[in-house]
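Next come the chains, spelled out residue by residue.
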Amino acid sequence: NLYLACDLCAAYTINNYKFQIGNAKRKGLIVVISSSGKFVFTSLINEDLKQDDNLWDITARDTNFIYLIGYVRDSILYKKNWFSSKNKSSAGLGFPYIGLISASKGAKWIKLTLNKDTFVTSGKELPQNANLELDQFGNLYCIFKQRNKLVSFGGLTDSSSITTGFAKIDSFGSALWIR
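Let me begin by describing the structure that accompanies this report. (Residues numbered from 1 in each chain as written. Predicted model: local features only at pLDDT ≥ 70, side-chain atom pairs only at ≥ 80, totals over all residues. Heavy atoms only, no water.)

### Examining the sheet that holds strand β5 (residues 39-44)
Link 1 in the chain: Read across the sheet, three strands follow the order β1-β4-β5 without closing on themselves; strand pairing throughout is antiparallel. Every other strand in the sheet has two partners, leaving β1 (2-8) and β5 as the edge strands with one partner each. Geometrically, the sheet is characterised by an average inter-axis angle of 15° between neighbouring strands, direction not taken into account. (Pairing = 2+ DSSP bridges. Helix = DSSP H or I, 4+ residues; strand = E, 2+ residues; numbered from the N terminus. Axes fitted to C-alpha atoms, helices over the stretch in contact; angles between N-to-C directions.)

Right, here's the structure in full:
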């Protein structure tokens, strides 16, 4: 299967589903396509259409283990479950997030960083500041921006303010290390 991440910012029809994205809004979309070109799975990462979010990267073992990373203004509504930071009042534009979802069972976990990030933007464009890699043991490695703030994610907090965060996360969403 081919696993794709993109952002929608208007009205689109994909896999016979019409996405109506509000004016000046951005929404992260997950698309899985089989090797024969058939749609296997299509879903917005955040079903709350009142706020912006982005999906920057995904990687997967299969349709039951789809790892994702992105940015959300406030919180995520995915398959009737809410995910948010414990520090919703922190200063900034929004939260980097990392998650593990299943196409058939919904979110296994979605973790938002403790502190918001403030992206340097050019017009309405948000830069893509994240990358994911999966090892043979099911650990996830990621990189994301956290401009000069302490990174607190998955049960760990780094001891210094950083611009770019690196993390190793196990299959349960717990951070094994943050740099």
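### Here's the deal with unusual backbone geometry
Link 1 in the chain: Phi angles above zero are rare outside glycine, and Asn15 is one such case at about 55°.
Link 2 in the chain: Its location among the elements puts Asn15 in the loop between β2 (11-14) and β3 (17-20).
Link 3 in the chain: In this structure Asn15 comes out as partly exposed when scored by relative accessible area, which is 33%.
Link 4 in the chain: One non-glycine residue, Lys80, lies in the positive phi region at around 70°.
Link 5 in the chain: Along the chain, Lys80 falls in the loop between β8 (75-78) and β9 (81-84). (Buried < 20%, exposed > 50% of the residue type's maximum accessible area, 1.4 Å probe, protein only.)

### Notes on the pairing of strand β11 (residues 106-112)
Link 1 in the chain: Here β11 lies mainly inside the structure; five of its seven residues are buried.
Link 2 in the chain: Taking the residues between adjacent antiparallel strands as the criterion, strand β10 (residues 95-102) and β11 are bridged by three residues.

### Section: the nonpolar core
Link 1 in the chain: Ranked by size, the top nonpolar core spans 19 residues in total, and within it Ile30, Tyr78, Tyr97 and Ile110 carry the most contacts.
Link 2 in the chain: In contact with Tyr97, other than residues within four places in its own chain, are Ile45, Asn54, Leu55, Leu68, Ile69, Gly70, Tyr71, Val72, Ile76, Ile110, Lys111 and Leu112.
Link 3 in the chain: Counting 14 residues, the second largest nonpolar core, distinct from the first, contains Leu140, Cys142, Phe144 and Ala167. (Core = buried A, V, L, I, M, F, W, Y, C linked by side-chain atoms within 4.5 Å. Contact = heavy atoms within 4.5 Å.)

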